[in-house]
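Structure at a glance
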Amino acid sequence: MLFKTDAEKAFSVETYLSTEMDSAIKLWQQLERGKPPWLKESSRRTVAFWNTIAEELAKLITQNIDVKVQGMRSGEMPDKMQKIIDKYFLQNAKDNIHSLCFWGGIMVKWDGTGTEYLTPDMFLVTEFDSSKDVQGAIFFSYYSKGKKFYTKAEWHRFEESTKQNEAGESKTIRIYHVSTKAFLSDNRDDIGREIPLSQTKWADIAPEFWAENLEKPLFRYIRCPIYNFIDSDSPLGVSCFANCIEEFRLLDIAMSTMGKETKNSSPVMMVSQSMIHD
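Reading the values: rules and limits
- Residues numbered from 1 in each chain as written.
- Predicted model: local features only at pLDDT ≥ 70, side-chain atom pairs only at ≥ 80, totals over all residues.
- Heavy atoms only, no water.
- Helix = DSSP H or I, 4+ residues; strand = E, 2+ residues; numbered from the N terminus.
- Buried < 20%, exposed > 50% of the residue type's maximum accessible area, 1.4 Å probe, protein only.
- Contact = heavy atoms within 4.5 Å.
- Areas by Shrake-Rupley, 256 points an atom, 1.4 Å probe, with all protein chains shown as cover.
- Lys, Arg positive; Asp, Glu negative; His and termini not counted.
- Charge placed at Lys NZ, Arg CZ, Asp CG, Glu CD.
- Core = buried A, V, L, I, M, F, W, Y, C linked by side-chain atoms within 4.5 Å.
- Phe/Tyr/Trp six-rings, centres within 6.5 Å; stacked < 30°, edge-to-face > 60°.
- Lys NZ or Arg CZ within 6 Å of the ring centre and 35° of its normal.

Topic: the overall build of the protein chain
What the protein chain contains, in helices and strands, is six helices and nine strands. Counting all 278 residues of the protein chain, 37% fall into the buried class. In the protein chain, of all internal contacts separated by at least 6 residues, the share reaching a separation of at least 24 is 60%. By element, 51% of the accessible surface of the protein chain is carried by carbon and sulfur atoms, the whole surface being about 17600 Å². Positive and negative side-chain charges of the protein chain, numbering 35 and 40 respectively, have mean locations separated by a distance of 5 Å.

Given below as structure tokens:
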């Protein structure tokens, strides 16, 4: 779920999610759950052919995939990077690529110990450059306890700041800033009210975090290499099957109809009149 308006209000920032892309993401979410919008009749079923397409693409892409880290740096850094890639990417590469193809892109985010892979229903873009590379985003995490629902909103972005050197001269530097807020609600579909992080399982996270000397954000959005015909101005990608929605609907109707006809049919033998004797 995405609390777009609530997040914009909480952080006083604009997010880039058009009505068209929002509708597309919600549709893909319905398909992922196996509940396309055309399944209104209880007797109708779906063959979920979209999963077959994404699965086959993921198999082809990751068939012989491998990543080896090499570098000029001494010490444990290359080995450490190799272990992270092996554990957090290669181990589940096919599943992650399946999500990328299915959702049109995934967000790869560093969580302090490794990487997590987030689908478009788990983040909002706040800034992107002329190449449509995402530079700022709000990330959501959720959990429930009893009848209470908790949401964490984490805003990552770069900011300009002024710093003085030893000579007392001021210079402008680029700082990476992360703001984290927690919310509590009695309703899964409502973000609720803001509460201190100390009252949640995220108590060890600082509300504000700054870091210097970062050239890139601590995340990377990877797009599916398909032209975004839904919203060409959006930094988000489109699903590998985005052009096939109507065909999916017709396929489900055809398969459901064929199933009914087969179930209700009776064996019939066509015999020539000349073969019938008194």
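A few points about the nonpolar core
Formed by 50 residues in total, the largest nonpolar core has its most connected members in W28, M107 and F241. A total of six residues in this core trace back to one element, the largest contributor, which is helix α2 (residues 19-32). Apart from residues no more than four positions distant in its own chain, F241 is found in contact with W28, L31, W50, I53, F102 and F248. In terms of nonpolar packing, the next biggest core, distinct from the first, is built from seven residues, Y143, A182, I195 and L197 among them.

Here's the deal with unusual backbone geometry
In the Ramachandran plot, A48 falls in the positive-phi region, its phi being about 50° despite a non-glycine side chain. Tracing the backbone through its elements, the reader meets A48 in the loop between α2 and α3 (49-62).

Considerations on the packing of aromatic side chains
Applying the stated criterion across every chain yields a total of 15 aromatic pairs. The interplanar angle of 70° and the centroid separation of 5.4 Å between the aromatic rings of W50 and F248 together place this pair among those described as edge-to-face. Taken as a pair, W50 in helix α3 and F248 in helix α6 (residues 245-264) lie far apart in primary sequence, 198 residues in all. Of the two residues, W50 and F248, both sit in the buried class. Taken together, the ring pairs in this structure connect W38, W50, F102, W103, F241 and F248 into an aromatic cluster. Just above the ring of F139 sits the side chain of K109; from NZ or CZ to the centre is 5.4 Å.

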